Amino acid sequence: SAKQIRAWLDAAGVKAIGHYNASVANGGAVGLTPATIDAALETAAILGQSQTGSHDATNASRQKDEVDKAIESWNAMALKASRAGIPIYSHSHQIPWSFLLDTGPRDEKGFTRSSGIRVMDYFLKHTDAKWVKCEFDLFWAHVAQHQFRSYTAADGSTVESVFEPGKQVASDPTRYVILHAKDGIRAPK
């Protein structure tokens, strides 16, 4: 239980700063949602955390209309987070650093082209800056730096725009509250 974990932390002299909220439901991981936010905030309060988090807030979506739904959900959860005094954060892998599909005609698969804004930049721009944060995963940001180097503009041209993780965090350190560091192995091409 959260109370037992808090007792262990206290006995060890360790302070929890956040935790990843996830449960398995319907065959997949479910993190912070309007249905789970109250329990997550209660656990964070018991653990004495300064914030609490979840997997990718955008659900690996790139289409603007899908990301807009995630923004609406996270802003609703931010209201509850503000009442609890505990900010919420998204732990993101590489997809949120890809380009938002927000312009131009839909192709045969239903996708549009991009204006060049990155999914996470769009998400953070449209969520409550005081209560919605990001856990920056250094490994996956490095992957994104190599994976998402260009986008297809509305006119069909290819535009190069290399992601720079260091500049991303420096652009607004108040939004990047946790850095997640881990090792990786170079995958053969």
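Nothing here was measured: the structure is a model prediction, and the numbers come from that model.

K.L.:
Just to check I follow, could you spell out the pattern of salt bridges for this structure?
P.N.:
Opposite charge on two side chains lets them pair, provided their charged atoms get close. One pass over the structure, following the stated rule, counts 5 salt bridges. A salt bridge links K80 to D38, with the shortest nitrogen-to-oxygen separation between them at 3.2 Å. Here the residue K80 occupies a position in helix α3 (residues 64-84), and D38 occupies one in helix α2 (residues 37-47), the gap between them amounting to 42 residues.

K.L.:
Could you clarify how one ought to interpret the nonpolar core in this entry?
P.N.:
Here is a general trend for soluble globular proteins: nonpolar side chains tend to be buried in one another's company. L32, W74, I88, W97, F123, F136 and Y176 are the most contacted members of the largest nonpolar core, which totals 34 residues. Beyond its immediate stretch of four places on either side in the chain, F136 contacts W97, A141, F163, P165, Q168, V169, Y176, I178, L179 and H180.

K.L.:
Explanation requested: α3 in the structure shown.
P.N.:
An α-helix turns once every 3.6 residues. As a result, residues three or four positions apart point the same way. Between the first and last C-alpha of α3 there are 30 Å, a value that for 21 residues agrees with the 30 Å anticipated at 1.5 Å per step. Considered for burial, the residues of α3 that qualify are V67, A70, I71, W74, M77, A78 and A81. Seen along its axis, α3 keeps its buried residues to an arc of 140 degrees; they face one direction. When the buried face of α3 is taken as reference, the exposed residues oriented beyond 90 degrees from it are K69, E72 and R83.

K.L.:
Honestly, the side chain of Q49 in this entry has me stumped. Any pointers?
P.N.:
Within the fold, Q49 resides in the loop between α2 and β4 (52-54). According to the relative accessible area criterion, Q49 is buried, its value standing at 5%. Within the structure, Q49 has its side chain in polar contact with the side chain of H19 (distance 2.7 Å). For Q49, the side chain forms a polar contact with the main-chain oxygen of Q51, separated by 2.9 Å. Beyond its immediate chain neighbours, meaning those up to four positions away, Q49 contacts A16, I17, G18, H19, A44 and I86.

Cut-offs applied
- Residues numbered from 1 in each chain as written.
- Predicted model: local features only at pLDDT ≥ 70, side-chain atom pairs only at ≥ 80, totals over all residues.
- Heavy atoms only, no water.
- Salt bridge = Lys/Arg side-chain N within 4 Å of Asp/Glu carboxyl O.
- Helix = DSSP H or I, 4+ residues; strand = E, 2+ residues; numbered from the N terminus.
- Core = buried A, V, L, I, M, F, W, Y, C linked by side-chain atoms within 4.5 Å.
- Buried < 20%, exposed > 50% of the residue type's maximum accessible area, 1.4 Å probe, protein only.
- Contact = heavy atoms within 4.5 Å.
- Expected span 1.5 Å × (residues − 1).
- Arc of directions from axis to C-beta.
- Polar contact = N/O pair within 3.5 Å; in protein donor to acceptor, adjacent residues only side chain to side chain.

The quantities given are spatial measurements derived from coordinates; they are silent on function.
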